[in-house]
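One letter stands for each residue in the lines below.
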Amino acid sequence: EITGNKTSVGMASSDVKPKSVSHAKKWSEEIENLYRFQHAGYRDEIEYKQVKQVAMVDRWPETGYVKKLQRRDNTFYYYNRQRECDDKEVHKVKIYAY
């Protein structure tokens, strides 16, 4: 029997799979960060931390947006401190539910 909360799963479990997926309807700060993770080739922050085995993600202190991500081929993406996800791109962002 496994008990505990979802946040303790973290990096210990490498097989956390989303239960459902939906598309974003309007921009928000959460959507901005999901856009950046998906641009770099990951579902979201959970998958990024599992694959790259990191505890923290580099973020801009002013906005909280993701600052730098390492792709699967070990090259880096660097993001601006301002919004990068245009309104026409919002509908492409996937929101995963666990």
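Above this text sits the structure in question.
Below or above, wherever it landed, is the structure these notes cover. (Residues numbered from 1 in each chain as written. Predicted model: local features only at pLDDT ≥ 70, side-chain atom pairs only at ≥ 80, totals over all residues. Heavy atoms only, no water.)

As for the packing of aromatic side chains
Step number 1: This model, assessed by the stated rule, comprises five aromatic pairs.
Step number 2: Here Tyr42 and Tyr48 contribute two aromatic rings whose centre-to-centre distance is 4.9 Å and whose plane-to-plane angle is 90 degrees, an arrangement assigned as edge-to-face.
Step number 3: According to the relative accessible area criterion, Tyr48 is buried, its value standing at 6%.
Step number 4: Seen in terms of ring centroids, Tyr77 and Tyr79 are 6.2 Å apart; in terms of plane orientation they differ by 45 degrees. Their pairing is tilted.
Step number 5: Residue classification places Tyr77 among the partly exposed residues on the basis of a relative accessible area of 22%.
Step number 6: Among the aromatic side chains, those forming a connected cluster through ring pairs are Phe37, Tyr42 and Tyr48.
Step number 7: Seen from the ring of Tyr96, Arg43 lies directly overhead, with NZ or CZ sitting 5.9 Å from the centre.
Step number 8: Sitting above the plane of the Trp60 ring, Lys67 keeps its charged end 4.5 Å from the centroid. (Phe/Tyr/Trp six-rings, centres within 6.5 Å; stacked < 30°, edge-to-face > 60°. Buried < 20%, exposed > 50% of the residue type's maximum accessible area, 1.4 Å probe, protein only. Lys NZ or Arg CZ within 6 Å of the ring centre and 35° of its normal.)

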